Amino acid sequence: MGIIIAILLFSFIIIFHELGHFLLAKANGIRVDEFSLGLGPTLIGKKIGGTKFCIKLLPFGGACMMGEDDADDMSEGSFNSKSVWARISVIAAGPAFNLILAWIFCVIIILSVGYRSPEISGVSEGYSAAEQGMQAGDVIKEINGRNVHIWDDVSLYTLTHPNETSLEVVYERDGEEYTAVIEPRQLEGDTTPKLGVTSGEVVKPGLLGAFQYGAYTVKYWINYTFDSLRMLVTGQLGIKDMSGPVGIVSAVDSVYQAAAPSGIAAVVLNMLNLGVLVTANLGIMNLLPIPALDGGRLMFLIIEAVRRKRVPPEKEGMVHFAGFAVLMVLMVVVMFNDIVKLF
């Protein structure tokens, strides 16, 4: 059952991404030839309003085919006949819809279970926070210049910056802001260095608050993605730490097995939480200037907007082809690692 849920969740996220491209294409009068879920041979399909909607054999991936690779097609309604800003909006819409979906999921989660406040509930003796005079009731506002809105922001920073020996923490007490320089410390029995502060209580903010803290939670996942990429580039993480579709399906199945005994509500909330992780990562990764991804296409469109002249299509095509080849190799490596982890 967990595997089926994983495929449905992943498929929904992909469809929502492609829906962003589709809706902005239609809004700009761009012809969409095919809108598909999955890859490979077509299983079923139907043409509606000039667009063929279909489901393909492999349940991962999807496509919104607008003829963007056909540089010679300047006919009415073609992708390349539109202004550069119209094309930018269409390409950017997919990743943007991923982040919108992440926000929707976060709002639902916060309405259901709330969020963890950045207010400190306790300070442990022997750690730097206590020595610097921090107390229960203090509200953490910043860590090393990064804004803190939810407790997860605190946990993320300490997790993804393990080599920093001191942290400048801005906190609020009785309406006044104070600054403390805290040294993460690992005492006997600790598995990792700690600040010595305990998280605050869970808060249910209501509908408007859920909208606001849903956005803060999406910001947390954006930081999570960029911090993970930074750790990957600097060697703190390796290829073995990455996961592809197989790894995601395995993770979803494991979470389902753990949550199922607690009932359907627990399963739904855990799936939504995983969905936030996947869709936020997909949105951010697709915005990176990597050839063959949406970000790579945006890079060429932005260059066109600045130069007021298109990059020669054959050169752009070569870059995207090379990028696609590298991505395929990386996907094979990641998938191999995912399969190895299963055993």
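Summarised in this report is the structure supplied together with it. Owing to the predicted nature of the structure, the values given are computational and were not obtained by experimental measurement.

A closer look at the sheet that holds strand β8 (residues 176-182)
1) Next: Pairing in this open sheet of 4 strands is antiparallel, and the strands run β6-β5-β7-β8 from one edge to the other. Since the sheet does not close on itself, it has two edges, and those belong to β6 (146-147) and β8, each with one partner.
2) Next: Direction of pairing for strand β5 (residues 139-143) relative to strand β7 (residues 167-173): antiparallel, over a ladder of 4 bridges. Residue pairing in the sheet places I140 in a bridge with Y171 of β7.
3) Next: Sheet contacts for helix α4 (residues 151-160): β5, β6 and β7; angle to β5, the most-contacted strand, approximately 40°.

Describing the packing of aromatic side chains
1) Next: For the structure on display, the rule yields 12 aromatic pairs.
2) Next: Between F12 and F16, the ring centres sit 6.0 Å apart and the planes meet at 40°, which makes this aromatic pair tilted. Within this pair, F12 and its partner F16 are both found in helix α1 (residues 2-27), separated by 4 residues, close to a single helical turn.
3) Next: Taking the relative accessible area as the measure of exposure, F12 reaches 41% and is therefore partly exposed.
4) Next: With a relative accessible area of 16%, F16 lands in the buried category.
5) Next: One aromatic cluster is present, formed by F12, F16 and F97 through successive ring pairs.
6) Next: A cation over a ring is seen here: R173 above Y178, with NZ or CZ 5.7 Å from the ring centre.

Concerning helix α2 (residues 84-113)
The periodicity of an α-helix, 3.6 residues per turn, causes residues three or four positions apart to be oriented the same way.
1) Next: Given a rise of 1.5 Å per residue, 30 residues ought to cover 44 Å, and the 43 Å separating the end C-alpha atoms of α2 matches this to within 8%.
2) Next: A bend of about 40° at A93 is the largest found in α2, and the proline P95 appears one to four places after it.
3) Next: Just beyond α2, the residue with positive phi is G114, at close to 85°.

Here's the deal with the pairing of β7
1) Next: In terms of residue burial, β7 counts as a mostly covered element, since 5 of its 7 residues are buried.
2) Next: By the bridge criterion, 7 bridges tie β7 to β8 in an arrangement that is antiparallel. If you follow Y171 over to β8, its bridge partner there is Y178.
3) Next: The antiparallel pairing of β7 with β8 creates a hairpin that spans 2 residues between the two strands, and D174 there sits at a positive phi of about 55°.

Remarks on unusual backbone geometry
Most peptide bonds take the trans form, and the phi angle of most residues other than glycine is negative.
1) Next: Phi is positive for N144, which is not a glycine, with a value near 50°.
2) Next: Among the secondary structure elements, N144 is positioned in the loop between β5 and β6.
3) Next: The residue R308 is not glycine, and still its phi comes out positive at about 60°.
4) Next: Tracing the sequence through the fold places R308 in the loop between α8 (294-307) and α9 (313-342).
5) Next: A residue is classified by how much of its surface remains accessible, and R308, at 78% relative accessible area, is exposed.

Side note on the environment of I303
1) Next: On the secondary structure map, I303 appears in helix α8.
2) Next: With 219 residues separating them in the primary sequence, I303 and V84 have C-alpha atoms 10.0 Å apart.

Considering the packing of α1 against helix α7 (residues 264-287)
Helix packing geometry: the angle between the two helix axes and the distance between the axes.
1) Next: Two elements in contact, α1 and α7, have axes whose closest approach is 10 Å; the angle formed by their N-to-C orientations is 40°. Judged by the inter-axis angle, α1 sits oblique to α7. Note that α1 runs across α7; the crossing there is right-handed. Between α1 and α7, the residues in contact are I5, L9, F10, I13, I14 and H17 and V267, M271, G275, V278, T279, L282 and N286, respectively.

Examining the side chain of E316
1) Next: Secondary-structure assignment places E316 in helix α9.
2) Next: Buried E316, no salt bridge; nearest opposite-charge side chain is R310, N-O distance 4.4 Å.
3) Next: Once you skip the residues sitting within four places of it in the chain, E316 turns out to touch F300, R310 and V311.

Section: the pattern of salt bridges
1) Next: Scanning the model with the defined rule gives 9 salt bridges in all.
2) Next: Residue D227 is joined to R230 by a salt bridge in which the shortest nitrogen-to-oxygen separation is 3.7 Å. Residue D227 and its partner R230 are located together in helix α5 (residues 206-233), separated by 3 residues, close to a single helical turn.
3) Next: Given a relative accessible area of 28%, R230 falls into the partly exposed group.
4) Next: When salt bridges with common partners are traced through the structure, they connect R87, E304 and R310 into a single cluster.

What counts, and at which threshold
Residues numbered from 1 in each chain as written. Predicted model: local features only at pLDDT ≥ 70, side-chain atom pairs only at ≥ 80, totals over all residues. Heavy atoms only, no water. Pairing = 2+ DSSP bridges. Helix = DSSP H or I, 4+ residues; strand = E, 2+ residues; numbered from the N terminus. Contact = heavy atoms within 4.5 Å. Axes fitted to C-alpha atoms, helices over the stretch in contact; angles between N-to-C directions. Phe/Tyr/Trp six-rings, centres within 6.5 Å; stacked < 30°, edge-to-face > 60°. Buried < 20%, exposed > 50% of the residue type's maximum accessible area, 1.4 Å probe, protein only. Lys NZ or Arg CZ within 6 Å of the ring centre and 35° of its normal. Expected span 1.5 Å × (residues − 1). Bend = angle between axes of the 7 residues up to and from the residue. Parallel < 35°, antiparallel > 145°, perpendicular 65-115°, else oblique. Left-handed = near helix turned anticlockwise from the far one by under 90°. Lys, Arg positive; Asp, Glu negative; His and termini not counted. Salt bridge = Lys/Arg side-chain N within 4 Å of Asp/Glu carboxyl O.

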